[in-house]
Each structure stands twice: as C-alpha cells, then as structure tokens.
Number of protein chains: 2
Amino acid sequence: MDYSQLVGEIFKKNSFLCVGLDTDFNKIPKCLQSLPKEKALMTFNKSIIDATAPYAVAFKPNVAFYESEGLTGWKVLADSIAYIKQYYPEILVIADAKRGDIGNTSERYAAAMFDNLQADAVTVVPYMGKDSVAPFLAHKGKWTIILALTSNTGSEDFQFLPTFEEDVTAPQIKCQSKGRLTLTEAQSGGSLAPLYEQVLSTASAWGSKDNTMFVIGATQAEMLTDVRKIVLKNFLLVPGVGAQGGSLEAVAEFGMTAECGLLVNSSRGIIYAGNDEYFACVAAEKAKDLQQQMAKLLYKHTRLYVK
Amino acid sequence: MDYSQLVGEIFKKNSFLCVGLDTDFNKIPKCLQSLPKEKALMTFNKSIIDATAPYAVAFKPNVAFYESEGLTGWKVLADSIAYIKQYYPEILVIADAKRGDIGNTSERYAAAMFDNLQADAVTVVPYMGKDSVAPFLAHKGKWTIILALTSNTGSEDFQFLPTFEEDVTAPQIKCQSKGRLTLTEAQSGGSLAPLYEQVLSTASAWGSKDNTMFVIGATQAEMLTDVRKIVLKNFLLVPGVGAQGGSLEAVAEFGMTAECGLLVNSSRGIIYAGNDEYFACVAAEKAKDLQQQMAKLLYKHTRLYVK
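Now for a look at the structure at hand. Predicted, not measured: the structure shown is a model, and the values here were computed from it. (Residues numbered from 1 in each chain as written. Chains lettered and ligands numbered in written order. Predicted model: local features only at pLDDT ≥ 70, side-chain atom pairs only at ≥ 80, totals over all residues. Heavy atoms only, no water.)

## Here's the deal with the overall build of chain A
How we decide: Numbering of helices and strands runs from the N terminus; a helix is a DSSP stretch of H or I covering at least four residues, while a strand is a stretch of E covering at least two. This radius of gyration counts C-alpha atoms alone. The globule rule is 2.2 Å times how many residues there are, raised to the power 0.38. Contacts: residue pairs with any heavy atoms within 4.5 Å of one another. Surface exposure here means Shrake-Rupley accessible area, sampled with a 1.4 Å probe, where a residue is shielded only by the protein chains that are shown. Positive charges come from Lys and Arg alone, negative charges from Asp and Glu alone, with His and the N- and C-terminal ends not counted. A single reference atom marks each charge: NZ on Lys, CZ on Arg, CG on Asp, CD on Glu.
Looking only at helices and strands, chain A features 14 helices and ten strands. For chain A, whose C-alpha radius of gyration is 20 Å, the value lies close to the compact-globule estimate of 19 Å for 307 residues. Its C-alpha atoms give chain A principal-axis dimensions of about 65 × 45 × 35 Å. Across chain A, every contact between residues at least 6 apart in sequence was considered, and the portion connecting residues at least 24 apart equals 74%. Surface exposure of chain A reaches about 11,300 Å², of which carbon and sulfur atoms provide 51%. One finds the centroid of the 30 positive side-chain charges in chain A at a distance of 4 Å from the centroid of its 33 negative side-chain charges.

## Considering the interface of chain B and chain A
Quick reminder of the rule: Defined here as a combined quantity, buried area equals the accessible surface (1.4 Å probe) lost by two parts on assembly, summed across both. Should a side-chain nitrogen of Lys or Arg be within 4 Å of a carboxyl oxygen of Asp or Glu, the pair is scored as a salt bridge. Two N or O atoms count as a polar contact when they lie within 3.5 Å, although within protein this holds only if one can serve as hydrogen donor and the other as acceptor, and sequence-adjacent residues are included solely when both atoms are side-chain atoms.
Listed as interface residues are 77 residues of chain B and, on the opposing side, 76 residues of chain A. Taking both sides of the interface into account, the surface hidden between chain B and chain A amounts to around 6,700 Å²; carbon and sulfur atoms contribute 58%. Per-residue buried area on chain B facing chain A is highest for Arg108, Tyr127 and Phe158 of chain B; these three make up 14% of the total on that side. Our count for the chain B to chain A interface comes out at eight salt bridges. Joining chain B to chain A, the criterion identifies 30 residue pairs in polar contact (both at pLDDT 80 or more). Among the elements that line the side of chain B that touches chain A, the one with the most residues is helix α6 (residues 103-116) of chain B, at eight residues.

## Section: the pairing of strand β3 (residues 92-99) of chain A
Residues and elements named next belong to chain A. Basically, it comes down to this: Buried residues are those whose accessible area, probed at 1.4 Å on protein chains only, stays under 20% of the maximum for their type, while exposed residues exceed 50% and partly exposed ones sit between those limits. For two strands to pair, DSSP has to find at least two bridges joining them.
In terms of burial, β3 is largely enclosed, as eight of its eight residues are buried. Neither face of β3 is open: one carries Leu92, Ile94, Asp96 and Lys98, the other Val93, Ala95, Ala97 and Arg99, and all of them are buried. Where strand β2 (residues 58-61) meets β3, two bridges bridge the pair, whose relative direction is parallel. Counted as the bridge partner of phenylalanine 59 is valine 93 from β3. In terms of strand pairing, β3 meets strand β4 (residues 121-124) through three bridges, oriented parallel. Across the sheet, alanine 95 pairs through a bridge with valine 122, a residue of β4.

## Observations regarding the relation of the copies chain B and chain A
This is how it is decided: Here the copies are superposed with least squares, the fitted atoms being C-alpha atoms of residues at a pLDDT of at least 70 in both.
You can overlay chain B on chain A at an RMSD of 0.0 Å; the transform is a turn of 180° with a shift of 0.0 Å along its axis. Given the turn and translation reported, the copies of this chain are related as if by a two-fold rotation axis. Considering only C-alpha atoms, the residue of chain B closest to the rotation axis is threonine 163 of chain B, which sits at 2.1 Å. Of the residues that chain B buries at the interface, 99% are likewise interface residues in chain A, meaning the two copies contact each other through the same surface.

## Describing helix α6 (residues 103-116) of chain A
Note on helix geometry: an α-helix contains 3.6 residues per turn, so any two residues three or four positions apart are oriented the same way. All names here are of chain A. Our working rule: Here a helix's expected span is defined as the number of its residues, less one, multiplied by 1.5 Å.
For α6, with 14 residues, the first-to-last C-alpha span of 18 Å sits near the 20 Å given by 1.5 Å per residue. Residues Thr105, Ser106, Arg108, Tyr109, Ala110, Ala111, Ala112, Met113 and Phe114 constitute the buried set of α6. Just downstream of α6, glutamine 118 is the residue with a positive phi angle, here 65°.

## Some words on the environment of alanine 148 of chain A
For alanine 148 of chain A, the location among the structural elements is in strand β5 (residues 143-149). When the C-alpha atoms of alanine 148 of chain A and glycine 217 of chain A are compared, they prove to be 8.5 Å apart, with 69 residues separating the residues in sequence. The contacts of alanine 148 of chain A, once residues within four sequence positions are left out, are Gln159, Tyr196, Val199, Leu200, Phe214, Val215 and Ile216 of chain A together with Tyr127 of chain B.

## Let's talk about helix α14 (residues 279-301) of chain B
An ideal rise of 1.5 Å per residue puts 33 Å on 23 residues; α14 of chain B measures up with 33 Å between its terminal C-alpha atoms. Residues Phe279, Ala280, Ala283, Ala284, Ala287, Leu290, Gln291, Met294, Ala295, Leu297 and Leu298 of chain B constitute the buried set of α14 of chain B.

## Structural notes on the sheet that holds strand β1 (residues 17-21) of chain A
Residues and elements named next belong to chain A. Quick note on the threshold: Inter-axis angles, ranging from 0 to 180 degrees, are taken between N-to-C directions of lines fitted to C-alpha atoms, where helices are fitted over the stretch in contact.
Taken together, eight strands build a closed barrel; the order of strands is β1-β2-β3-β4-β5-β8-β9-β10 and the barrel is parallel. The sheet shows a mean angle of 30° between the axes of neighbouring strands, taken without regard to direction. Across four bridges, the pairing between β4 and β5 is parallel. Its bridge partner lying in β5, valine 122 is registered against threonine 144. Against the sheet, helix α7 (residues 130-137) touches β3, β4, β5 and β8 (212-216), its axis set at about 145° to β5.

## A look at the nonpolar core
What counts is decided by this rule: Each nonpolar core is a collection of buried residues, namely Ala, Val, Leu, Ile, Met, Phe, Trp, Tyr and Cys, held together in the definition by side-chain atoms within 4.5 Å.
If you look at the biggest cluster of nonpolar residues, it comprises 222 residues, and the most contacted ones within it are Ile10 and Phe16 of chain A together with Ile10 and Phe16 of chain B. Sequence-distant contacts of phenylalanine 16 of chain A, defined by excluding residues within four places in its chain, comprise Ile10, Val57, Leu248, Met256, Cys260, Leu262, Leu263, Val264, Met294 and Leu298 of chain A. Phe164 of chain A together with Phe164, Leu181 and Ala186 of chain B belong to the second-largest nonpolar core, a separate cluster that totals nine residues.

So, in structure tokens, the structure goes:
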C-alpha cells in the first residue's frame, strides 16, 4: 500500500486508527480460554479484526506476544495476518517487531516480516544506523517504521540526551577522535539537540515519505511540534493513546499534516475493553468511539475531509 | 550459568570462543540441500554443534536466520537449542535477537527467549532505556547482553555522536527543556562523550557483571581501552572477528580482564568454512585454530591459565 492509497483509506473511513493486536492468552475472555490455545487466540483475533475493521486503517500485531507462545504463537501471527490480507486487503498490517541488526541479518528480518509473514510495514530500531535499516527500505511497496521517540519512562535515558549537531552553515569541525569533542571545539560549529531529533533528521534522509514512518510516543504530544519541523510529511505512528495515557486531541493538534500523516494506535483500550462473550461488540464500540473523535479532528485540521 | 561457572568453563577449555549459528539454507553444503528444509537445517546445526563443542564456550544462534524461514525456522531454532541443552549443558546459549520494547512487551520477549526457547542469554537494544531492558534482567540465572558499539559502518550514525555528559563533581545543570541545552550552559558542568560510552555507563548500573554483558564490535578493537575504563569486569561479546575483519590479538590486548571477560564470536568463518560432506570436520579445524590462539592469549593476559 503506497502513501496515496493510505491517505485515501484514511479519508474514506475518516479514521487514522491503528488497532494493536497485543493478544495475550491470559487476558482474552474466559469463554475462549477453554479452547485449545491456538484456536482460542485465533478466534479472539478474528473476532477483534472483524469487529474493528470498519473503523481502522491499520492493524498492528505486537510480535512479542506471539513469539512468547513459541510455534503456536508464530502460527497464530501468520494466520492472523493472512486473515487480514484475505478479507481486509485495504488495511495496512504493521508487524510491531522492533527489529534491526547488521546488514545481512536485517535482510533476514525483513524477509521474515515482509516475505514470510506478508506484513506491509515493520517497526525497526535505528541504534545500529543506516545499513541496519536499509535492507527494510529495499523492499518496494513496503513501509519501514523507525523508532524515534517512545512513550515509556526509559525514553529519558538516551532519547533525550543532548547530542552535538554540526551547524551545516558554519565552517566544519573535523572530529579527530570519534565522539570526542571538547565543548569549546563544539561551540565554534554546532549546537546540542536531543538524540531523537538527530535520529529523525538523519533517518528521514534514508528513505522518503513513501516508505518511511516514525514512531513518536503520544505522552510527549507537545514535542510533535519539534518533530514536524524535521519530518514535514512522513506518517508518524503514535502509540500510547489510551492505556498509556496520551491525548488524541493534542496529537492531532501538534502532529497532523494536511494529508493526516498520523496513525494512532490503541491496543488494550480496544481489545480488552470487554471480557465476556460480547467482547467483540465492546471492542467495536471502543474503536467506533475513537473513529468518531478522529473524524472530527480530520475535519478540524485537514483540507481533505469528506463526509 | 553464572559468572564463575562461565569463567570456569573458559579456563577448562582454554577458550573464549562463541560459535555463531547463522544458519542459511542457501549456504549449507549441497549434499544437505536435497533433504527437506527442516531436516537439512537441523542436520547442519547438529553437525556443527557436535564438531565445534570441544572448542567453544558459547553458541549464538542468530534468530533472524530462523525467523525468516517461518514456522520451520522457529522449530529448528527451538530444537537446536534443546539439542545443545541436552548434550552440552555446560555451553552458554545466546539468542542473538536484538530485542527491546516497552516493559510489558519486553516481558514477552524475555519469556520467548528465556522460557520458551530456554536460551541462557539474549542480546537487547538499549535505545528505549532502562524499563525496556529490566524485564530481561529480572530473569534470575540468565544473561542480558546489551548492544553498545557495533561493528557495522552504520555504527557511525548514532553510536559515535558526541553526547553531553554531566560532570558529577561540578554543580549540576538542570536541563529545563529535555535535550535542549546551549553549549555555553553545557560548558559549565559537563563534557561530550560518544553515545556508546553513555550507554555503557548508564546501562552497566542496571545490572551487574553477574547478569549483564555488552556487545562491542571488534573492528573497533582499540576502543576497548575506553570501554574497559567504564565496564571493568563485565563480559563483552565481541562479534566481527573473522568475516567482519577484527583481530583477535587486538581484542585480547585491549579488552581482556584478569578473568578473561570476553566472548569472541565467529560465525561464517567457522560454519561455512567447508562446503562439501566434510563441512563439519573443516568447521572443527577452524574452531580449534581459534581455540589455540585463544589459549595463548589467555596465557599471555590472565593469571588463571591452566595447562
């Protein structure tokens, strides 16, 4: 699915909702837990997918939840993606896998997610740099979603570290010993910016708005203003609305582009909203609630809203 | 396997060799490729494990290579680890997975690697900070191997970025706006250090030498001197000797502690050294070569060498 198709879907459904499939056997309704595990997980996923598809433009299976169930989990993951592809081919499938390694290994992770599982998009970690991300970007028609700013407390440990950024208009500083620079040397040709901003500016040049998105945690909604100074048009995948506490209004206010440019995820707030035999209906209601809020925000902030 | 058991194994075998199981169906000997894929991959792994076990203290399956084969690959990965556990329980099994996510998701990755696959150690990415790594550290008797400095060219993109480090002996700077600090402000209370050094100093405080190792790329062997100023005793997992070009002598010279403190990995240089029906013998010879070099280096640099 390319950029314009994604924008088209968003304005067809008046929704930028991504439903996170963080499927946990211990949290699904009791009435399903009596089934064999694979059947239980698959029934839950199919029910959630069918119930929320009218309101969502993306599904995001969280790979960890399947991986921890071993072969059974991996099969449910593959079958769930195949189910979405068969019945809802217009919905983007994001494998939330946070992968990334040296080039020949990232190639295999990209093959696992794009070729084997048939996901449309995969989340990747930028710590190892360009050649660890390039093998994902090399898959035409697929999306690479790069981690920039996350919504957990640990984001403060490294993502906010002030890092030296060379001033491209000033005479260049040659950093003789890697990473070693006195503050006096630094002062003559640069400034300090948080690491996540450098990740955005560096990594946004690796691809384009047509194949690259960024993860930006919603608990930091006001920071979306800074983010949008660096990545003008790329889609941002925003987790953390709902259970993790972000505000949808703030995310739209600070992060929305004229073509939306946002996918906002909700996982637990939708899929575990109900815990009896009506769980799918409850999930549908929660998804519809979010979609209706999203429709209003699209109307308010963009020029493409179609009733 | 705890720290002292690992040190004991190293000096029993006079080896700090980790054999990387980057098993790729297209690279295994032709004589195996005629078998059904699962049988072919498993036969290859068992042969390599049996042939190199006398010279190795760790095996490191690279999870990407199995994941890209879907269910078949995941089964081969699980069965290979089970095989090592059954026949070589004294050898450390490192799941090279480069995982890491928010807390409740990292818990599931830790469960996948430690409980489901029964690995002794897992590689993790520190970008998301402490709460993304803590769920791995919470598994008693297991090892968390944190990425610090990698051997790929992309390591230059972020790992070497000069980052502001507060001088703890100077009056504290309160950074009002996260990550935003003028260089003049910074000058009054800190210095600039490469990001990977900050990862080492911050992350080494999350655990101890008994449950935390760090990945340090071998193409940067001279940097091990700086690394050892920050992490005195932790084991370092060093990839990149062999196919990726690092020198074993330099790694030992700059990185070895009195109790070794190193696991040096070789993957392609061992497992694909032969490509006919004698591949396992050739792999054994290559592993033995490395073990013999390692024995000399242990004799040269430590006080625990036992003939």
